Amino acid sequence: MTALSVNLNKIALLRNSREGNNPSVLDFARMAIDNGADGLTVHPRPDQRHIRVSDVYELSTFVRSLKNINRINKLEIEFNIEGNPFAPAIISENSSKSIADYPGLLTLIENTRPQQATLVPDTNEQLTSDHGFDLEKDGERLAPFIQKIKSWGVRCCLFMDPDLKQIKLAQELGVDRIELYTGPYAASYALSADDVKVSLDQYRQASEYAVKLGLGVNAGHDLNLDNLAPFLAIGNIAEVSIGHALTIDALLNGYKRTILDYSKACS
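This report concerns the structure included in the present document. (Residues numbered from 1 in each chain as written. Predicted model: local features only at pLDDT ≥ 70, side-chain atom pairs only at ≥ 80, totals over all residues. Heavy atoms only, no water.)

### Examining the overall build of the protein
Counting secondary structure elements, the protein contains eleven helices and eight strands. For 267 residues, the compact-globule estimate of 2.2 N^0.38 gives 18 Å, and the protein sits close to it at 18 Å. Reported as C-alpha extents along the three principal axes, the dimensions of the protein are approximately 50 × 45 × 40 Å. Every one of the 267 residues in the protein was classed for burial, and the buried ones make up 52%. Of all intrachain contacts in the protein linking residues separated by at least 6 positions in sequence, the fraction that spans at least 24 positions is 70%. Of the roughly 12500 Å² that the protein leaves accessible, carbon and sulfur atoms contribute 51%. Side-chain charges in the protein split into 27 positive and 34 negative, and the spacing between the mean points of these groups amounts to 5 Å. (Helix = DSSP H or I, 4+ residues; strand = E, 2+ residues; numbered from the N terminus. Rg over C-alpha atoms; globule rule 2.2 N^0.38 Å. Buried < 20%, exposed > 50% of the residue type's maximum accessible area, 1.4 Å probe, protein only. Contact = heavy atoms within 4.5 Å. Areas by Shrake-Rupley, 256 points an atom, 1.4 Å probe, with all protein chains shown as cover. Lys, Arg positive; Asp, Glu negative; His and termini not counted. Charge placed at Lys NZ, Arg CZ, Asp CG, Glu CD.)

### Examining the sheet that holds strand E1 (residues 3-7)
As summarised here, the arrangement of the eight strands in space is E1-E2-E3-E4-E5-E6-E7-E8, forming a closed barrel in which the pairing is parallel. Along the sheet, successive strands turn relative to each other by an average axial angle of 25°, direction set aside. Examined bridge by bridge, strand E4 (residues 116-119) and strand E5 (residues 155-160) share four bridges and lie parallel to one another. Bridge pairing in E5 links Leu 119 to Leu 158. Of the strands in this sheet, E4 and E5 are in contact with helix H5 (residues 135-151), which crosses E5 at around 160°. (Pairing = 2+ DSSP bridges. Axes fitted to C-alpha atoms, helices over the stretch in contact; angles between N-to-C directions.)

### As for helix H6 (residues 164-173)
Within H6, burial applies to Gln 166, Ile 167 and Ala 170. The arc that holds every buried residue of H6, seen down its axis, measures 100°, which confines them to one face. Turned more than 90 degrees off the buried face of H6, the exposed positions are Lys 165 and Glu 172. The elements touched by buried residues of H6 are H5, E5, strand E6 (177-181) and helix H8 (193-212). If you check the start of H6, you find a side-chain oxygen 3.0 Å away from the backbone N of Lys 165, and it comes from Asp 163. Phi turns positive one or two residues past the end of H6, at Gly 174, with a value near 90°. (Arc of directions from axis to C-beta. Polar contact = N/O pair within 3.5 Å; in protein donor to acceptor, adjacent residues only side chain to side chain.)

### Digging into the packing of aromatic side chains
In the structure shown here, the tally under the stated rule is seven aromatic pairs. Look at Tyr 185 and Tyr 189: their rings are 5.6 Å apart centre to centre, the planes differ by 80°, and that puts the pair in the edge-to-face class. Given a relative accessible area of 0%, Tyr 185 falls into the buried group. On the basis of an interplanar angle of 45° and a centroid distance of 5.2 Å, the ring pair of Tyr 185 and Phe 231 is categorised as tilted. One end of the pair, Tyr 185, is in helix H7 (residues 183-188); the other, Phe 231, is in helix H9 (residues 228-232), with 46 residues separating them in the sequence. (Phe/Tyr/Trp six-rings, centres within 6.5 Å; stacked < 30°, edge-to-face > 60°.)

### So, the pattern of salt bridges
Per the counting criterion, the structure on display carries ten salt bridges. Note that Asp 138 and Arg 141 form a salt bridge whose closest N and O atoms lie 3.5 Å from each other. Note that Asp 138 and Arg 141 are positioned in helix H5 at a spacing of three residues, about one turn of the helix. Exposure remark for Asp 138: the relative accessible area of 10% places this residue in the buried category. On the accessibility criterion, Arg 141 (45% relative accessible area) is partly exposed. Between Asp 201 and Lys 197 there is a salt bridge, with its nearest N and O atoms 3.2 Å apart. Here Lys 197 and Asp 201 lie together in helix H8, a separation of four residues that amounts to about one turn. By relative accessible area, Lys 197 is classed as exposed at 53%. (Salt bridge = Lys/Arg side-chain N within 4 Å of Asp/Glu carboxyl O.)

### As for helix H11 (residues 255-266)
In this model, H11 (twelve residues) spans 17 Å end to end at C-alpha, consistent with the 16 Å of a helix rising 1.5 Å per residue. Those residues of H11 that sit buried are Tyr 255, Thr 258, Ile 259, Tyr 262, Ser 263 and Cys 266. In a view along the axis of H11, the buried residues occupy a sector of 130°, so they form one face of it. Here the buried face of H11 lies against E1, helix H1 (9-15), helix H2 (25-34), H9, strand E8 (239-242) and helix H10 (244-253). (Expected span 1.5 Å × (residues − 1).)

### Brief notes about the nonpolar core
Side chains of nonpolar character tend, in soluble globular proteins, to be buried together. Core analysis: the biggest nonpolar cluster contains 70 residues, and Leu 40, Leu 158, Phe 231, Val 240 and Tyr 255 have the highest contact counts within it. By residue number, the principal contributor to this core is H2, which donates six residues. Residues contacting Leu 40, with those up to four places away along its chain left out, are Ser 5, Val 6, Leu 8, Ala 29, Ala 32, Ile 33, Leu 59, Phe 62, Val 63, Glu 78, Phe 79 and Asn 80. (Core = buried A, V, L, I, M, F, W, Y, C linked by side-chain atoms within 4.5 Å.)

### Here we look at the pairing of E6
Taking burial as the measure, the five residues of E6 include five buried ones, the bulk of the element. Here E6 shows two buried faces, one formed by Arg 177, Glu 179 and Tyr 181 and the other by Ile 178 and Leu 180. Taken together, E5, H6 and E6 constitute a β-α-β crossover, and its handedness is right-handed. Strand direction decides the pairing type here: E6 and strand E7 (residues 216-220), joined by five bridges, are parallel. (Right-handed = clockwise from strand over helix to strand, strands pointing away.)

So this is what it looks like as structure tokens:
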């Protein structure tokens, strides 16, 4: 079975389009868990375009309150914080009441101790995450961050392309898991059945190799109800993080039904 972690970024983005706290990120987090999600994912960025620092702390408290809740055939509820460890902290004299200073990803992880921290090589200039780490370039810089995260008892995961050489480098850095960037797989659906098969074979090889090296394998980006089940059929996927497509489906079908649909697809 694959765990479903619901990414709440798009709920926060909608909230941020107006003053106040509507929709409430915490309320939607609670609905996700109540309707079958196994965890929650947030990706705070320095510009706080969606998830804010206050959301991270509030959701951490919420998940800790669920620590002893286990459901039949379900894993313990987990909190996953994603982000770029290289992004600098932002300290401003003009922080508003709703948007606090950004203390840096590592500070958020140290203060909240999520079950998992996923390191992602994104920048404020990127619309969204669109590639995995190049560990030949960034491995040495990442090593102390990985060691710190693990010393806090937090599972450390790296956002990676399905590249066997890079996956080996991730294992040598001592991470616990990798998260396969599935954007190219999702894009293959707009092409042909042959393209989908070629892409799935690449991800299957990557996941099998990672497991052989002793790594857990997560996956995420542009997964939806059409392409999720074929992807999970490759096996070895411990967790998927889904937010954008899930939010779109929720606009069409309702949030509760959508969580149930995705949870069923992962079971």
